[in-house]
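Architecture and fold: a report
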Amino acid sequence: SNPSELQPLDYNLTDKERFKDVEYLNLNCAYCQTKFLFGGIMASLHYQVTFSGIKCSNCEKVLPTLMITSQLERIIRSFISLHYAGWLVCDDPACGVITRQISVYGRRCIGLSGRSQDCRGIMSYRFNDKQLYTQLLYFDSIFNVEKNKKRELKPLDDADTSSDKGPELLSSGQVVALAEQNRELFEVIRTVTQKYLTNNARRYVDMSGIFGFMIPEEE
Ligand SMILES: [Zn+2]
Ligand SMILES: [Zn+2]
C-alpha cells in the first residue's frame, strides 16, 4: 500500500488547511547560494519549474536532482531528530518555556524558575507524531504530479512577501504540461519522502481507523 494515500484523522481537510502549520521546503541553490522556498509548480519570484527541471531564478541554473534529493533528505532527518529530541513547549503564550526537562508534576509547566510555581501552562511535544507525519505528507504533496496538475497545493503567496512585484502566474494548461514533463524527476524526489513515510506511517496513523472496514465483525 502507499502510505502517502493514507489519510490522517482529519481527512476532510484540504491540503491548504491540513498543511497550514507546516514548514515550507527551503532549498538552497548550491550554484549561487540563494535560498528559496519551493512549493511545487506555481508562480514564484525565486524559482521556476521548466521543462528541464527546477530552475533557480537568481542564477538561471537548473538544480541537479541530487542537489534536491540530498537537501530534502537532510531536512527530513532534521525534523525527525527534532521530534526524537523530545523538546517540550508550554501552551501558555505568555510563558513560552521550551525545555527537555520533564516536570516532576507531569505535564505541568516548570516555569521560568524551573520549579513549577510560576506558570499554570501544560507542556506538550513541540514536534509531535502528528506534526511530523503532516510535515512529511506536505513534502510528499509538492512533488506529487497529480496534486500539482489539480493545483491543490498549499500556496506560497503568504510566504512570498519579499517583493511588491508579484511573480508571473501560470495557467492550468502550463501547470499540467510542466507536471507531466517533470514526472520522472518528481517521482525520484518523492521516493526520499516516501521512504520515511513508509517507515513511520504505522506510528502516525490510526491504522485500525483506516482499515477497520477490513476487520471482520465478531459474530
Ligand atoms: Zn542559483
Ligand atoms: Zn509555562
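Each chain carries its own residue numbering, running from 1 in the direction its sequence is written. Chain A is the first chain written and ligand 1 is the first ligand written, with later ones labelled in order. Owing to the predicted nature of the model, reporting of local features is limited to residues with pLDDT of at least 70; listing and counting of side-chain atom pairs is limited to 80 or more, with chain, interface and lining totals taken over all residues. Water and hydrogen atoms play no part in the side-chain values, which are based on all heavy atoms of the structure.

A few points about a nonpolar patch on the surface
Quick note on the threshold: To count toward a patch, a residue needs a relative accessible area above 30% and no salt bridge. Like charges then connect within 9 Å, nonpolar side chains (Val, Leu, Ile, Met, Phe, Trp, Tyr) within 5 Å. Shrake-Rupley sampling with a 1.4 Å probe provides the accessible areas, and residues are treated as covered by the protein chains on show and by no other component. Between Lys or Arg on one side and Asp or Glu on the other, a salt bridge is scored when a side-chain nitrogen of the former is within 4 Å of a carboxyl oxygen of the latter. Think of it this way: any DSSP run of H or I at least four residues long counts as a helix, any run of E at least two long counts as a strand, and we number them from the N terminus. Exposure is judged per residue with a 1.4 Å probe applied to protein chains only, and the accessible area is read against the type maximum: over 50% gives exposed, under 20% gives buried, and values in between give partly exposed.
Together, Leu82, Trp87 and Ile98 give the surface a local cluster of nonpolar side chains, amounting to about 230 Å² of exposed area. Inspection of the secondary structure puts isoleucine 98 in strand S6 (residues 98-99). Assessed through its relative accessible area of 39%, isoleucine 98 is described here as partly exposed.

Thoughts on the coordination of the zinc ion (ligand 1)
To keep it simple, the criterion reads: Here a donor is an N, O or S atom found within 2.8 Å of the metal, or within 3.2 Å if the metal is Na, K or Ca; sites may look incomplete because water is not among the atoms. Irregular is the label for any site that misses the other tests, which are tetrahedral for four donors with all angles between 85 and 135 degrees, and square planar for four donors or octahedral for six when opposite donors exceed 155 degrees and the remaining angles lie between 65 and 115.
Surrounding the zinc ion (ligand 1) are the protein donor atoms Cys29 (SG), Cys32 (SG), Cys56 (SG) and Cys59 (SG), at 2.3 Å. Each of the 4 donor atoms around the zinc ion (ligand 1) contributes to a set of angles spanning 105 to 115°, which defines the coordination as tetrahedral. Sequence spacing of the donors to the zinc ion (ligand 1): C-x2-C-x23-C-x2-C. With cysteine 32 in the loop between strand S1 (25-29) and strand S2 (34-38) and cysteine 59 in the loop between strand S4 (53-56) and helix H2 (65-84), the pair connects residues that are 27 residues apart, well separated along the chain.

Quick word on the nonpolar core
For clarity, the threshold we go by: Residues grouped as a nonpolar core are buried Ala, Val, Leu, Ile, Met, Phe, Trp, Tyr and Cys residues, joined through side-chain atoms within 4.5 Å. We call two residues in contact whenever any of their non-hydrogen atoms come within 4.5 Å of each other.
Within the largest apolar cluster, 43 residues are counted, with the highest numbers of intra-cluster contacts made by Leu25, Phe36, Phe38, Ile54, Phe139 and Phe143. Secondary structure elements with two or more residues in this core: S1, S2, strand S3 (47-50), S4, H2, helix H3 (129-142), helix H5 (172-181) and helix H6 (183-204). Other than its neighbours up to four places away in sequence, phenylalanine 143 contacts Leu25, Phe38, Ile54, Ile68, Leu72, Asn148, Phe186, Ile189 and Arg190. In terms of nonpolar packing, the next biggest core, distinct from the first, is built from 8 residues, Cys95, Val97, Cys109 and Cys119 among them.

Examining the confidence of the model for the chain
In plain terms, the rule: A residue's pLDDT is simply how confident the predictor is in it, with values from 0 to 100.
Chain-level statistics for the chain give a pLDDT mean of 82 and a share of 79% at 70 or above. The spread of mean pLDDT over the elements of the chain runs between helix H7 (residues 207-211), the lowest at 42, and S4, the highest at 98. Contacts of residues 1-8 to residues separated by more than four positions or lying in other chains number 22 contacts, the stretch itself having pLDDT below 50. In this model residues 206-219 is a low-confidence stretch, pLDDT under 50, and it forms 8 contacts with partners more than four residues away in sequence or in other chains.

Some remarks on H3
Definition in use: A helix is expected to span 1.5 Å multiplied by its residue count minus one.
Between its first and last C-alpha, H3 extends 21 Å over 14 residues, near the 20 Å set by a 1.5 Å rise per residue. Taken across its 14 residues, H3 has 11 buried, putting it largely inside the fold. Taken together, the buried positions of H3 are Leu132, Tyr133, Thr134, Gln135, Leu136, Leu137, Tyr138, Phe139, Asp140, Ser141 and Ile142.

Some thoughts on the sheet that holds S6
Definition in use: A strand pair is defined by DSSP finding two or more bridges across the two strands.
Taken in spatial order, the 3 strands make up an open sheet running S6-S5-S7, and their pairing is antiparallel. Whereas interior strands pair on both sides, the edge strands pair on one side only; in this sheet they are S6 and strand S7 (123-125). In this sheet, S7 lies alongside strand S5 (residues 88-90) in antiparallel orientation, the contact comprising 3 bridges. Counterpart to valine 89 in the pairing with S7 is serine 124.

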